[in-house]
Amino acid sequence: MRSRFNISNYSNLAQRVITAIVGAGLIIGSLVYSEWAYFAVFGVILGFTQMEFYKLSGLDGMLPLKSFGTFIGLMIFTLTFLEEMKVIPIRYYFLVFPLISMIFFIKLYRKSDKKPFTGIAYTILGIFYVAIPFSLLTIAAFSVDKTFHYEIVIGSLFILWASDSGAYFAGTKFGKTKLFERVSPKKSWEGSLGGAATALTVTYFLSQYFTVLQAWQWFCIAAIIIIAGTYGDLIESLFKRSIDIKDSGRGLPGHGGFMDRFDGLLLSTPFIVAFLKIF
């Protein structure tokens, strides 16, 4: 009898490694292949992440406009990409404002919704929390001489993954001193320091090969990711704790959901783009 591969038969660590290899391969492959492959893959990730956020909000009794909110998020991401690619002029961004205003119109006709403005708030929050950071990531990729540099995105992801992995293994082996027990009892200072050390080590090697940015810029990005990424993880933990769940989803075996995997990126990207645009 032919055996079938079932990732659920493996340990959590094995699932984590398998998912990381497959996911990283897909993401890195799309970035290196072309700008349009990046657009397609990251658009799919954005869509799943934003829908996941709205699904979790629904568990807490909120009623956001899941499909329409995600559509607006994808529209912002698409407009950002096309504008950076010089396919369309920046004036098409003004399409976003009437789309957001339509959220109010749609809620007006939802008779069963007893708290429409709460639903409106969570719909807009999903756009700002998920779609805007992914769109800003596109701006980061084009921040040097208005040309698509996949190295900036790959480098930022490598640093983030190194920080997460280092924190996971250091925390598992050495973690004793609680980092923020009220929000995330398992996170420790030892884990955070291990993550920071791993991220800085990876940053050094990145700076030797990805010369699109200077070494000091890479280390500044690493500092942003280490700090803002940690806060992003804690903020997502706070969100999950408020609705009494462990993982944001089951879409990524060993990692939980898409928000569990990209929470650090969501909070780091706005700071990274501001740094690259100013300095």
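As shown above, the structure is provided for reference.
This structure is a prediction, so every number in the text was calculated from the model and none was measured.

### Overview of the overall build of the protein chain
Item 1. A tally of helices and strands in the protein chain yields nine helices and two strands.
Item 2. Secondary structure elements of the protein chain occur, N-terminal to C-terminal, as α-α-α-α-α-α-β-β-α-α-α.
Item 3. Here the protein chain holds 279 residues, and the buried ones make up 48% of them.
Item 4. Partitioning the intrachain contacts of the protein chain with sequence separation of at least 6 by distance along the chain shows that 69% fall at a separation of at least 24.
Item 5. Of the roughly 15,000 Å² of accessible surface on the protein chain, 66% is carried by carbon and sulfur atoms.

### So, the side chain of Ser-207
Item 1. You can see Ser-207 is positioned in helix α7 (residues 189-209).
Item 2. Judged by relative accessible area, Ser-207 falls into the buried class, the value being 8%.
Item 3. At 3.3 Å, the side chain of Ser-207 forms a polar contact with the side chain of Gln-208.
Item 4. Residues in contact with Ser-207, not counting those within four places in the same chain, are Ala-215, Trp-218 and Phe-219.

### Looking at the nonpolar core
Item 1. In this structure, Leu-31, Phe-42, Phe-134 and Ile-221 are the most contacted members of the largest nonpolar core, which totals 67 residues.
Item 2. Looking at this core element by element, the count peaks at 10 residues for helix α5 (residues 116-141).
Item 3. Once residues within four sequence positions are removed from consideration, Ile-221 is found in contact with Ser-156, Ile-159, Leu-213, Ile-272, Phe-275 and Leu-276.

### Re the packing of aromatic side chains
Item 1. This structure, assessed with the given rule, holds 23 aromatic pairs.
Item 2. Plain terms: the ring middles of Trp-36 and Phe-81 are 5.0 Å apart, the flat faces sit at 75° to each other, and that makes the pair edge-to-face. Pair noted here: Trp-36 is in helix α2 (residues 35-59) and Phe-81 is in helix α3 (residues 66-84), with a separation of 45 residues, a long-range link.
Item 3. With centroids separated by 6.3 Å and ring planes inclined at 55°, the aromatic side chains of Tyr-38 and Phe-77 adopt a geometry described as tilted. One end of the pair, Tyr-38, is in helix α2; the other, Phe-77, is in helix α3, with 39 residues separating them in the sequence.

### Regarding the packing of α3 against helix α4 (residues 96-108)
Item 1. Relative to each other, α3 and α4 sit at 175°, their axes nearing to 10 Å. Considering the angle they form, α3 stands roughly antiparallel to α4. Contact residues: α3 offers Phe-68, Phe-71, Ile-72, Met-75, Ile-76 and Leu-79, while α4 offers Val-96, Leu-99, Ile-100, Met-102, Ile-103 and Ile-106.
Item 2. Its residues assigned to classes, the contact of α3 with α4 shows 12 nonpolar, no polar and no charged.

### Some words on the environment of Gln-217
Item 1. Structurally, Gln-217 can be placed in helix α8 (residues 215-242).
Item 2. Taking the relative accessible area as the measure of exposure, Gln-217 reaches 10% and is therefore buried.
Item 3. Note: C-alpha distance between Gln-217 and Phe-279 (62 residues apart in sequence) is 8.5 Å.
Item 4. Residues contacting Gln-217, with those up to four places away along its chain left out, are Phe-275 and Phe-279.
Item 5. In this structure the side chain of Gln-217 is engaged in a polar contact, spanning 2.8 Å, whose partner is the backbone nitrogen of Gln-214.

### Focus: a nonpolar patch on the surface
Item 1. A contiguous nonpolar surface patch, about 440 Å² in accessible area, is contributed by Met-102, Phe-104, Phe-105 and Phe-117.
Item 2. Element by element, the count of residues in the nonpolar patch is highest for α4, at three residues.
Item 3. Turning to its location among the elements, Met-102 is positioned in helix α4.
Item 4. Judged by its relative accessible area of 35%, Met-102 falls in the partly exposed class.

### Some details on α4
Item 1. Along α4, the positions that sit buried rather than exposed are Val-96, Leu-99, Ile-100, Ile-103 and Lys-107.
Item 2. In this structure, the buried side of α4 is in contact with α3 and α5.

### A closer look at the environment of Gln-50
Item 1. Position of Gln-50 relative to the elements: it lies in helix α2.
Item 2. Of the residues examined, Gln-50 reaches a relative accessible area of 0% and is grouped as buried.
Item 3. When the C-alpha atoms of Gln-50 and Leu-125 are compared, they prove to be 10.0 Å apart, with 75 residues separating the residues in sequence.
Item 4. Residue contacts for Gln-50: discarding those within four places in its chain leaves Gly-69, Thr-70, Gly-73, Gly-126, Ile-127, Val-130 and Ala-131.

### Quick look at the pattern of salt bridges
Item 1. Under the counting rule described, the total for this entry stands at five salt bridges.
Item 2. Among the ionic pairs, Glu-83 bridges to Lys-86, the shortest N-O distance being 3.9 Å.
Item 3. Given a relative accessible area of 56%, Lys-86 falls into the exposed group.
Item 4. Linking Arg-261 and Asp-164 is a salt bridge whose minimum nitrogen-to-oxygen distance equals 2.6 Å. Of the two residues, Arg-261 is situated in helix α9 (residues 258-278) and Asp-164 in helix α6 (residues 150-174); the sequence distance between them amounts to 97 residues.
Item 5. We classify Arg-261 as buried; its relative accessible area is 15%.
Item 6. Among the residues examined, Asp-164 registers a relative accessible area of 21% and is labelled partly exposed.

The rules behind each value
Numbering of residues starts from 1 in each chain and follows the order in which that chain's sequence is written. Only residues with pLDDT of at least 70 get local features here, since the model is predicted, and only at 80 or more are side-chain atom pairs given and counted; chain-wide, interface and lining totals rely on the full set of residues. To obtain the side-chain values, all non-hydrogen atoms of the structure were included, while hydrogens and water were left out. Helix and strand definitions here come from DSSP, where helices need a minimum of 4 consecutive H or I residues and strands a minimum of 2 consecutive E residues; each element is numbered from the N-terminal end. Only protein chains enter the accessibility calculation, which uses a 1.4 Å probe; a residue whose area is less than 20% of its type maximum is buried, one above 50% is exposed, and one in between is partly exposed. In what follows, residue pairs with any heavy atoms lying within 4.5 Å of each other are defined as contacts. Areas reported as accessible are Shrake-Rupley estimates using a 1.4 Å probe. Residue values count occlusion only from the protein chains shown. Within 3.5 Å is the distance limit for a polar contact, defined as a pair of N or O atoms, with the added protein rule that one can donate a hydrogen and the other accept it, and that residues adjacent in sequence qualify only through two side-chain atoms. What is meant by a nonpolar core is a set of buried Ala, Val, Leu, Ile, Met, Phe, Trp, Tyr and Cys residues, joined one to another through side-chain atoms within 4.5 Å. Two rings from Phe, Tyr or Trp (for Trp, the six-membered ring) form a pair when their centres sit within 6.5 Å of each other. Planes less than 30 degrees apart are called stacked, planes more than 60 degrees apart edge-to-face, and all others tilted. Fitted lines through C-alpha atoms give the axes, limited to the stretch in contact for helices. The angle between two N-to-C directions lies from 0 to 180 degrees. Roughly parallel covers angles under 35 degrees, roughly antiparallel covers those over 145, roughly perpendicular covers 65 to 115, and oblique covers all other angles. As a working rule, the residues Ala, Val, Leu, Ile, Met, Phe, Trp, Tyr, Cys and Pro are called nonpolar, Asp, Glu, Lys and Arg charged, and the rest polar, with Gly in that last group. Residues form patches when they are more than 30% accessible in relative terms and have no salt bridge. Like charges link within 9 Å. Nonpolar side chains (Val, Leu, Ile, Met, Phe, Trp, Tyr) link within 5 Å. In the sections that follow, a salt bridge refers to a side-chain nitrogen of Lys or Arg positioned within 4 Å of a carboxyl oxygen of Asp or Glu.

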